[in-house]
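# Structural overview
So you can see what is in the structure, the chains are spelled out below.
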Amino acid sequence: SLEDLNIANNKVASLPGSFEGMKRIKRINAQWNALSTLPKGLLTGTALQDIKVEGCPIKDRDAIDGWDKYLERNNKQQVKNVDQRVKAGDLSMGLGTKEEYLANNRDR
């Protein structure tokens with residue numbers, strides 16, 4: 001089943017509402033498309049942990065249904081990733097503290 005979707009740089013104007021049934025989708029790269037909103041259910045009806053929408057004309061992300069829940073999941077995953085890197089001794093890239101890293105990567 002689909003976990004990663006990369007549709008970056010494709011002039012996509014909308015995403016289908018059928019994402020809601022895709023329980024395993026974790027990451028979507030939709031950067032630099034024509035998306036102005038996200039379909040209802042994408043952020044609430046999936047386990048999506050990371051969606052990249054930089055370069056899309058989405059005006060008010062906070063108004064998108066489920067954006068707050070998505071940010072909570074995304075932040076939990078970011079903390080988990082940082083913790084794993086710290087345990088592996090791989091946090092030597094000048095990212096600062098875990099809190100600084102999360103603050104800088106919060107609103108993708």
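Residues numbered from 1 in each chain as written. Predicted model: local features only at pLDDT ≥ 70, side-chain atom pairs only at ≥ 80, totals over all residues. Heavy atoms only, no water.

A few words on the overall build of the chain. Helix and strand counts for the chain come out as 2 helices and 3 strands. Helices (α) and strands (β) of the chain occur, in sequence order from the N terminus, as β-β-β-α-α. When contacts within the chain are restricted to residue pairs at least 6 apart in sequence, those whose partners lie at least 24 apart make up 31%. Surface summary for the chain: the accessible area is close to 6700 Å², and the carbon and sulfur share equals 49%. (Helix = DSSP H or I, 4+ residues; strand = E, 2+ residues; numbered from the N terminus. Contact = heavy atoms within 4.5 Å. Areas by Shrake-Rupley, 256 points an atom, 1.4 Å probe, with all protein chains shown as cover.)

Taken as a whole and assessed by the stated rule, the structure comprises 1 aromatic pair. For the pair W67 and Y70, a centre-to-centre distance of 5.1 Å together with 45 degrees between the ring planes defines the contact as tilted. Residue W67 and its partner Y70 are located together in helix α1 (residues 67-87), separated by 3 residues, close to a single helical turn. Taken individually, W67 and Y70 each receive the classification buried, so the pair is uniform in this respect. (Phe/Tyr/Trp six-rings, centres within 6.5 Å; stacked < 30°, edge-to-face > 60°. Buried < 20%, exposed > 50% of the residue type's maximum accessible area, 1.4 Å probe, protein only.)

Counting 19 residues, the largest nonpolar core has I28, L38, L42, L43, I51 and W67 as the members making the most contacts within it. Top element by residues in this core is α1. It accounts for 3 residues. (Core = buried A, V, L, I, M, F, W, Y, C linked by side-chain atoms within 4.5 Å.)

Let us now look at the side chain of T46. Counting through the fold element by element, T46 comes out in the loop between β2 (27-29) and β3 (50-52). Separated by 2.5 Å, the side chain of T46 and the backbone oxygen of L42 make a polar contact. There is a polar contact of 3.2 Å between the side chain of T46 and the backbone nitrogen of L48. Not counting chain neighbours up to four residues away, the residues in contact with T46 comprise F19, E20, M22, I25, G41 and R73. (Polar contact = N/O pair within 3.5 Å; in protein donor to acceptor, adjacent residues only side chain to side chain.)

Taken by themselves, the reported measurements are silent on function.
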